[in-house]
Structures are given as C-alpha cells and as structure tokens.
Amino acid sequence: MELLVVRVPLGGADGTPMMRPDILVDTAIAEVLETHRINLLSEELGGIDNGSAVTLVTDPVDGTANAVSGVPLPAFAGVAAVDGVPTEALTCWLDTGRCRHTVAGRPSSYRTSGRTELDGAAVSLLRPQPHIADAWWRVATRASRIRILSTSCLEAMLVAEGSTDAFADAGSDTHRIVDLAAAMVTVPAAGGAVIDVHGRPLEIDPDLTRRWSGVVTASPRLAEELAGTIRGTEGR
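About the cut-offs
- Residues numbered from 1 in each chain as written.
- Predicted model: local features only at pLDDT ≥ 70, side-chain atom pairs only at ≥ 80, totals over all residues.
- Heavy atoms only, no water.
- Helix = DSSP H or I, 4+ residues; strand = E, 2+ residues; numbered from the N terminus.
- Buried < 20%, exposed > 50% of the residue type's maximum accessible area, 1.4 Å probe, protein only.
- Pairing = 2+ DSSP bridges.
- Axes fitted to C-alpha atoms, helices over the stretch in contact; angles between N-to-C directions.
- Contact = heavy atoms within 4.5 Å.
- Disulfide = S-S within 2.5 Å.

### Considering unusual backbone geometry
And step 1. For aspartate 83, which is not glycine, the phi torsion reads 50° and is therefore positive.
And step 2. Mapped onto the fold, aspartate 83 is located in the loop between β6 (75-82) and β7 (85-93).
And step 3. Given a relative accessible area of 63%, aspartate 83 falls into the exposed group.
And step 4. For serine 150, which is not glycine, the phi dihedral falls at a positive 65°.
And step 5. Structurally, serine 150 can be placed in the loop between β10 (145-147) and α4 (152-161).

Next up, the structure:
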C-alpha cells in the first residue's frame, strides 16, 4: 500500500508532528470505538471518553517516518486497559503482518532470549542525543550489537520474541505511555521486564505530556543492569 505523506501543521495529542497515515489509522480506530462505546487514549487524538471502564491505548502507526520513507519497520500497538490496568495487548509489524497477541496473566507461546547480562547483549536504542551521549556510549561499549530501528513498539516485540535482548531509551525521556503500554503486557508474559530508567511507575495516564525512559529486556536482572548503566550507577 502506498502511503501519502501529509505533514499536519498542528501536532498530535502530545504536540509532535503528524502525518497522513497517523490520521487515517487513528480516525478509523476512533470511529469503531465510538460505535462500541469504548474509551480511546491515542498518540494522535489524545483521550476520548466514551464513558467506559475499558480504554484502548494505542500507537496507531509507530515508526511513521520509517513507513513514509519506504523503510519497512512501522508497527501498530494497542492495549485494552480496564480501569487503568493493562489486560490485553496486540502488536503488529505492518509490513509483514507478523503480530503478537497477549493476555495478561496467561503464559505466551513465545519467550525472550532469557539473557541476564548486558556484556555481549544485542541491544536496540533510541537515537543518540548530545545530552545523553555518555549514557548511550556506556551501553554501546558493553553490548555486542547496537541497533537503531526507530520504532519502539516493534523493538519491544522483538525482545519478547527473543530476536534481541533489550531495547532502551538511554535517558532522554522520549517515551510516552502509548509507546510502552503493549510491552507492559507482552514482554513480562514472555519472561522479560519493562521498567523506567529512573524507577518511575509506568501508568496509563491520559496526560500524554508525561514521558519516560523505557527499558525493555529479556529478564528482570538485565533490566536493572541496563537501567543502572544508563544512569551511571551500575557497580557502585
């Protein structure tokens, strides 16, 4: 399917620029949820209250810049939350149709790599920025392989599948809850962990100005080690 790029002068719910695929997908989702009277918390449209205990938390097209550039790495991620508690998640790699569906509290059919140590790990990171350069380099010098795919939801799914050992924001506080919500269900069910670098609780909150530095890993032990390395406190 050809994606037509339209940059919208107004930003999405969190103030970031939107493109036409974002709007098309998000609008279609909102129309369906309106019919079924389910709430929506979306990267583009923000919070829509339809008076339900159930909210769909979604990043309709994660990696839009990839999609419109012809890089085949965009993904959809959605989570059904009941009274703010994530209960069911779906992540789909849009170019391949490869999807992972997970229900909280039920074992999944896929597993993480189980890796517990950062040294020698395969790690995906958000792009380096000047103010986190030291943290980014601390991780890069210990990992055996670094990837930058620019699609957080897909990178988290790859951790859950065991294709890579970890994915993280090296302290830039870029992640919104829509970037991490699906991973909060999918990754623990596969044996992994999802935390914030600074230990802040990950909460389903309609305020999309809230940001986190997500750490998604193959094991809880690796999550703590990676977060400590990013903070510069590992080994102290």
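This is not the end of the story, as more comes after the structure.
### What to know about the sheet that holds strand β11 (residues 166-168)
And step 1. Spatially, β10-β9-β11-β13-β12 is the arrangement adopted by the five strands of the open sheet, whose pairing is mixed. Edge positions in the sheet fall to β10 and β12 (193-196), since each has one partner strand and no second. Across the sheet, the axes of successive neighbouring strands diverge by a mean angle of 20°, strand direction being ignored.
And step 2. Bridge count between β11 and strand β13 (residues 214-217): three bridges; the pairing is antiparallel. Paired with alanine 166 across the bridge in β13 is threonine 217.
And step 3. With respect to the sheet, helix α5 (residues 177-189) is in contact with β12 and β13, its orientation differing from that of β12 by roughly 140°.

### Topic: the state of the cysteines
Covalent bonding between the sulfur atoms of two cysteines is what defines a disulfide.
And step 1. Evaluated as defined, the whole model comprises one disulfide.
And step 2. Cysteine 92 supplies the cysteine sulfur nearest to cysteine 153, a cysteine that is in no disulfide, at a spacing of 11 Å.
And step 3. Relative accessible area serves as the criterion here: at 4%, cysteine 153 is assigned to the buried category.

### Brief notes about the sheet that holds β6
Each strand in a sheet pairs with another by means of backbone hydrogen bonds, the pair being arranged parallel or else antiparallel.
And step 1. In space, the six strands of this open sheet follow the order β4-β3-β5-β6-β7-β8, with mixed pairing throughout. Each end of this open sheet is capped by a strand with a single partner; those strands are β4 (46-48) and β8 (98-103). Averaged over all pairs of adjacent strands, the angle between strand axes in this sheet comes to 15°, irrespective of strand direction.
And step 2. The strands touched by α4 are β5 (54-62), β6, β7 and β8; relative to β8, the strand with the most contacts, the crossing angle is about 70°.
And step 3. Across the sheet, α5 lies against β3 (39-42), β5, β6, β7 and β8, angled at about 100° from β7, the strand it touches most.

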